[in-house]
Amino acid sequence: MRCVIPLNRNWKYTPSFNESYITERDCSGWINIELPHTNHELPLTYFDEKSYQFISTYSRIIALNELDSNKLNIIHFEGVMTAAKVYVNGHFVSEHKGGYTGFDVALNSYMKFDGFDEITVVVDSTERPDIPPFGAQVDYLTYGGIYREVQLRQVDPVYIDNVFAKPTDCLKEKKQLNVDVYLKNTSRSTNVETVKVSLFSGVELVTEELWNGSLSGDTEQMISVAFMELEEIELWELHNPNLYTVLVEVNKDQDSRRIGFREAVFTTEGFFLNGQLLNIRGLNRHQSFPYVGYAMPERVQKQDADILKNELGLNLVRTSHYPQSRHFLDRCDEIGLLVFEEIPGWQHIGDKVWQNLAIEHVREMIKRDWNHPSIVVWGVRVNESADNHEFYKETNAVAKKLDPTRQTTGVRCIEGSELLEDVYGMNDFALDGVNQVKLGQRIALRGQQDVTKLEYKVPYLVTEYNGHMFPTKKTDCEEHQQEHALRHLLVIDAGCADKEVAGTIGWCAFDYNTHKDFGAGDRICHHGVMDMFRLPKFAASAYHSQKSVDDEPVLFPMTLWTRGERAEGMEISPMLVATNCDKVELFIDDQLYGSYLPSRSHFKGLEFPPVVIPHIRGEWGMSWKKGDFVGFSNGREVIRKSFTEAPQLTTFTAIADSETLLAEADSWDATRIVLSAQDQCGNPLVYHNTIVNIEIDGAIELIGPKQIVLPGGTGALWVRSAGKIGTGLVSFKTSEGHQQSIVLSVQ
Ligand code: GAL
């Protein structure tokens, strides 16, 4: 039987490298670490990005009970940034270049199986110009270390190396499933084998098929098993993402994959999911977090998908600009969030050796992720690179050969760039940063053919907009934040109205750390609709408000509701209210001030246009009063949002995303805790700069500093399990003496 052992604990680490580390086996002075691990924790801002760009060394003794000398022992690394050389008992075994895809290392040849076998991983986290995305400037940080999980797999000489289950005829009554099983026979002899492939719905067996044949020694072979005429299969849909499991068994080896039956196709008429036209509304996601960079465990990766789907109401995420965590993609499958996944890179294309590595990354990405029903298109161009006919002919050919079921795309910023893919991806920054956007006088998107310069229509997707055109922080003033939100609304509106556009994917979901050459000098690109802690700016409401009102009523007046916040000190209008309600009433001092309908005249494409309140009377010197916004749907009040005329710090809240952590999960666990300093109505005190002191006790550890401020009235931190079962207490005390505590159960 195959045995898979997580190998994330009991590593030793030193932030240095010396040839002697490979052979001497002396780890005194090294620190004990658990994976995922960042080679260097960073401050949130104003650090030197060179500080994590060094070579470090990791060492792991494989204990006797973790090994089986009768089996093939293969260690699988999910992600090591940027290049890894793996040694077993001092012998070099293999090297992998590129930090976004995994790799296997077969251990047996150099093992002693005496309980003291040592794996040494030399990790080069410098920005090596021979490895994508490097070679020129890059607008993001890649961090360093063994930042994803590691497993030890013990398999028989004949084993399943990979499985690709390809559903077809998904829209027919009777569906089909072709399962390609990639087998390896590492023995010298030819083996006659039976391969059993079973399809499960939950624990229920749907059907099974057998394949019989022989496998010659020392070979890799792909065999296919077809299930014809499958009945009563439920589709994978966004609101009902039905998943099935394919179980493959060969002799004593078995492996499984989760799959979904769905049809996803980009056409000149738009994108169709299961035969239904779907306007794509997405954002780009960088996988980085404060302090620890990329090194966050399963729960936190999954939480990002939940935020994108539930808090932002998106139907697609682009994994800019590289393959992302398997946990994130698993969650996208589970909750019904479409994914556009792409190869690592940013504008620069290197020499032939570099290009060959990028082509290898196409292979690694697809072979890792081809079973995810959420992934609907492969990005096989380096983001925003120039044309390179031969290179991109090859990336497309490789993708098509490996996965004939999915279309390809590539993200451009140059008009008239050559189309070798199925879908023309274009970053359209037509709403530039120069002109303030006035409603009714806007060019939010260019026409498809103005961009492609082709004489005919093609499947076309807007893959970025806004971003550096209008960086925004949640501490920015009301007008700036509203303008930011308006720009997002204008583009998604244009993307819905223009039937030649399959949809729009904005830049970007979350702020991210970057090099000094980009961003606000603080090493952050403040381009997200949420900050690095995944806390919303006004612009988040542009997306959130597009959820159906039955899912969740949304009402977000883009105001701090104050007398003197805006430039002229009189007006707090025009005011946008992002909402999915069909009517909004405003009460000032309990008197009905006005009743407003969604602005369909200004937003012709959106299903849920914002309400625009053109004018709210007021004079400098008048007495400021409280305001209440009430949202209606089908004549019924469904949501209300109130603002006080005299905000004061009233409450301090601390809410954990999860109150349970798993001490014995495959790796360490973590949860975010969101803090907020609020007024009488529960609105964050945007200009308060509350200082919060954090104390930790028990079975948890704090990620990041023990004292933080709450920019824009909200802030967050993550706490992690500390390798023991018990309870963890997190206590907060603000500069004003407010106290809160949270008890986490670590199980
Ligand atoms: C794009 C690029 C993104 C990001 C963005 C900022 O050109 O593809 O990675 O830099 O600009 O708006």
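Relevant structure appears above.
Student: Explain the pairing of strand β38 (residues 627-633) to me, please; I cannot follow it from the model alone.
Tutor: Regular strands place side chains that alternate from one sheet face to the opposite one. The buried fraction of β38 is high, at seven of seven residues. Residues G627, F629, G631 and S633 of β38 are buried on one face, and the alternating residues D628, V630 and F632, pointing to the opposite face, are buried as well. With six bridges connecting them, strand β35 (residues 583-588) and β38 associate as antiparallel partners. Its bridge partner being in β38, L586 is matched across the sheet by F629. Sheet topology note: the β38/strand β39 (residues 636-643) ladder contains seven bridges and is antiparallel. For F632, the partnering residue across the bridge sits in β39 and is E637. Between β38 and β39, which pair antiparallel and follow one another directly, the connecting turn spans two residues, one of which, N634, has a positive phi of 50 degrees.

Student: Would you mind going over the sheet that holds strand β13 (residues 158-168) with me for this structure?
Tutor: Spatial ordering of the open sheet is given by β13-β14-β17, a layout of three strands whose pairing is antiparallel. Edge positions in the open sheet fall to β13 and β17 (219-230), since each of these has one partner strand only. Neighbour to neighbour, the strand axes of the sheet diverge by 15 degrees on average, direction disregarded. In this structure, β13 lies alongside strand β14 (residues 175-185), joined through 10 bridges in antiparallel fashion. Across the sheet, residue V163 finds its bridge partner in β14, namely V181.

Student: What am I meant to see in the pairing of strand β46 (residues 714-721) here?
Tutor: Counting buried residues along β46, eight of its eight residues qualify, which places the element largely inside the surrounding structure. Bridge analysis of strand β42 (residues 670-678) against β46 gives seven bridges, and the strand direction is antiparallel. Within β46, the residue paired with S676 across the bridge is T714. Two elements, strand β44 (residues 700-703) and β46, share four bridges in a ladder whose sense is antiparallel. Its bridge partner lying in β46, I700 is registered against S721.

The rules behind these values
Residues numbered from 1 in each chain as written. Predicted model: local features only at pLDDT ≥ 70, side-chain atom pairs only at ≥ 80, totals over all residues. Heavy atoms only, no water. Buried < 20%, exposed > 50% of the residue type's maximum accessible area, 1.4 Å probe, protein only. Helix = DSSP H or I, 4+ residues; strand = E, 2+ residues; numbered from the N terminus. Pairing = 2+ DSSP bridges. Axes fitted to C-alpha atoms, helices over the stretch in contact; angles between N-to-C directions.

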